[in-house]
Amino acid sequence: MSLTQHATVPAAPVPSLAARIRAIGGSPVRDILAVTARPEVVNFAGGLPAPELFDAEGIAAAYQAVLTQTPGRALQYATTEGEPVLRAALAERTSARGLPTGPDDLLVTTGSQQALSLLATALLEPGDTVLVEDPCYLAALQAFGLAGARVLAVPGDGHGPDPEALAELVVRERPKLLYTVPTFQNPTGRTMSAGRRAAVAEVAARHGLWIVEDDPYGELRFEGERLPWIASYAAARDRTVLLGSFSKVMAPGLRLGWLRAPAALRRACAVAKQAADLHTPTVNQLAAARYLADRDLDAHVRRVAGAYRERRDAMLAGLPDALPAGSRWTRPAGGMFLWVRLPAAYDTTALLPRVVRHDVAYVPGAPFYAGTPGADARSTMRLCFVTQTPDTIGEGLRRLGEALREPAPRG
């Protein structure tokens with residue numbers, strides 16, 4: 001046989017994907033967004049902030065400044081912990097809101113979603129138990145599932161997890177952490193009361209538990225008084241990780257988040273981040289810091305929250321005519337979402353294709369529940385009210401009502 005001739009060798013299959021990827025799968029929300037990308041669809045499914053409200057001019061000016069004045073620094077590698085000027089600005093904002101914080105208390109992350117992944121890496125062994133709200137932010141369920149955690153839901157009500165049920169679960173299951181979005185929660189829009197926050201902090205202190213307090217929506221308040229972070233309660237101060245993000249108040253494309261954590265855990269997360277991406281993009285960090293120095297982010301957030309309040313009110317006004325008798329829904333005091341429960345005969349997952357044919361979309365509630373959703377989850381849905389204008393919200397709800405009134409196809 002000459003050197004140019006080759007015998008045919010059967011190709012062996014490549015090794016399989018990791019079992020955790022096969023088990024977890026993709027995000028149902030992302031799958032729905034792909035199906036409903038047509039421009040004529042009134043999309044209440046996504047959790048996207050309104051792009052017309054971005055301060056594009058201010059952000060562009062911040063990038064222009066850092067790229068003109070400090071291009072070598074902006075385009076260079078940075079420390080894993082984050083740019084000092086940004087951490088200082090974040091520490092100042094956090095302290096002004098009632099939680100004394102220094103720059104070294106913070107780790108800048110590539111979106112607060114990365115913070116969840118870093119915490120899962122730093123805290124969880126396969127088989128460890130994690131407690132979550134019921135229902136829960138979907139991407140948190142993904143992050144903990146990919147870490148091999150056993151995820152259990154804490155029973156609760158409109159004020160958040162029940163502290164007595166939480167204590168019972170902690171004693172019985174010995175979880176590593178409780179994950180919560182206490183303010184304008186995704187997906188329900190509910191807010192944990194101050195008394196409930198204090199009780200959760202006491203449970204964590206008494207029984208030994210980490211609290212991961214995710215706060216991406218807290219600044220988007222429409223009414224009422226701001227509530228203290230769980231991290232500010234003395235009982236939980238040494239065991240609470242507070243997550244923040246610019247995604248909902250500045251722009252999600254910046255992919256800028258941060259975590260505030262006790263020193264040992266923060267260092268462990270920094271090690272995990274070194275393995276993940278070395279550091280969050282320097283230019284984005286410096287541009288955000290420059291924006292905070294040159295612009296009034298709080299004034300911008302007030303304008304955004306004002307627009308979102310009008311959109312929430314438009315959705316609340318249209319729901320009674322759109323939904324069948326016996327439906328119930330939340331009335332969030334801020335944030336981006338409200339939660340609907342239709343009568344028990346309705347299955348929002350099965351109904352979604354019919355609804356999409358009417359050029360409107362929502363997210364069925366079942367994927368937001370840990371484990372196998374109960375029968376009462378079948379009739380729930382999440383509606384995002386911030387991406388559409390009030391007029392478009394009214395039209396979308398009209399279409400939704402038509403779809404829900406349409407007779408079910410005969411089997």
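See the structure shown above.
Predicted model, so just to flag it, every value in this text is computed and none were measured.

Calculation criteria
Residues numbered from 1 in each chain as written. Predicted model: local features only at pLDDT ≥ 70, side-chain atom pairs only at ≥ 80, totals over all residues. Heavy atoms only, no water. Helix = DSSP H or I, 4+ residues; strand = E, 2+ residues; numbered from the N terminus. Phe/Tyr/Trp six-rings, centres within 6.5 Å; stacked < 30°, edge-to-face > 60°. Buried < 20%, exposed > 50% of the residue type's maximum accessible area, 1.4 Å probe, protein only. Lys NZ or Arg CZ within 6 Å of the ring centre and 35° of its normal. Contact = heavy atoms within 4.5 Å. Axes fitted to C-alpha atoms, helices over the stretch in contact; angles between N-to-C directions. Parallel < 35°, antiparallel > 145°, perpendicular 65-115°, else oblique. Nonpolar A, V, L, I, M, F, W, Y, C, P; charged D, E, K, R; others polar. Core = buried A, V, L, I, M, F, W, Y, C linked by side-chain atoms within 4.5 Å. Left-handed = near helix turned anticlockwise from the far one by under 90°.

**As for unusual backbone geometry**
Omega for the peptide link from aspartate 134 to proline 135 comes to 0°, which places this bond in the cis form. If you trace the backbone, proline 135 turns up in the loop between β3 (129–132) and α7 (138–146). Residue proline 187 is reached from asparagine 186 by a cis peptide bond, and omega for that bond is 25°. Mapped onto the fold, proline 187 is located in the loop between β7 (177–180) and α9 (194–207). Despite not being glycine, arginine 255 has its phi angle at roughly 55°, a positive value. By secondary structure assignment, the location of arginine 255 is in the loop between β9 (240–245) and β10 (257–260).

**Quick notes on the packing of aromatic side chains**
Under the criterion given, the structure shown has six aromatic pairs. Taking 5.8 Å as the distance between ring centres and 85° as the angle between the ring planes, the aromatic pair formed by tyrosine 217 and phenylalanine 337 counts as edge-to-face. In this pair, tyrosine 217 sits in the loop between β8 (210–214) and β9 while phenylalanine 337 sits in strand β12 (residues 337–341), placing the two residues 120 residues apart along the sequence. When the ring of phenylalanine 246 is compared with that of tryptophan 258, the centres are 4.9 Å apart and the planes differ by 65°; the resulting orientation is edge-to-face. Of the two residues, phenylalanine 246 sits in the loop between β9 and β10 while tryptophan 258 sits in strand β10, which places them twelve residues apart along the sequence. A relative accessible area of 2% places phenylalanine 246 in the buried class. Here the aromatic cluster, defined as three or more aromatic residues joined through ring pairs, consists of Trp339, Phe368 and Tyr369. The ring of tryptophan 229 carries the charged tip of arginine 226 above its face, separated from the ring centre by 4.4 Å.

**Some remarks on the side chain of serine 112**
On the secondary structure map, serine 112 appears in helix α6 (residues 112–123). Note on serine 112: relative accessible area 12%, which makes it buried. Discounting chain neighbours no more than four positions away, the residues touching serine 112 are Asp214, Leu243, Gly244, Ser245 and Gly257.

**Side note on the packing of α6 against helix α10 (residues 263–276)**
Two elements in contact, α6 and α10, have axes whose closest approach is 9 Å; the angle formed by their N-to-C orientations is 110°. Here α10 runs roughly perpendicular to α6, going by the angle between their axes. On α10, the residues touching Gln114, Leu118, Leu119, Thr121, Ala122 and Leu123 of α6 are Leu265, Ala268, Cys269, Ala272, Lys273 and Ala276. Partitioning the contact of α6 with α10 into residue classes produces nine nonpolar, two polar and one charged.

**Here's the deal with the nonpolar core**
Formed by 102 residues in total, the largest nonpolar core has its most connected members in Leu124, Phe144, Tyr179, Phe246, Met250, Met315 and Leu383. The element that contributes the greatest number of residues to this core is helix α12 (residues 297–322), accounting for nine residues. Dropping the residues within four chain positions of it, methionine 315 is found in contact with Phe44, Leu338, Leu383, Cys384, Phe385, Ile393 and Leu397. Counting residues in each nonpolar core, the second largest holds 17 residues, with Leu178, Met192, Ala204 and Ala236 among its members.

**Quick look at the packing of α6 against α7**
Between α6 and α7, whose axes approach to 9 Å, the crossing angle comes to 30°. The orientation of α6 relative to α7 falls into the category roughly parallel. Crossing hand, α6 versus α7: right-handed. Taking contact as the criterion, the partners of Gln113, Leu116 and Ala120 in α6 are, on α7, Ala139, Ala140, Ala143 and Phe144. The class makeup of the residues in the contact of α6 with α7 is six nonpolar, one polar and no charged.

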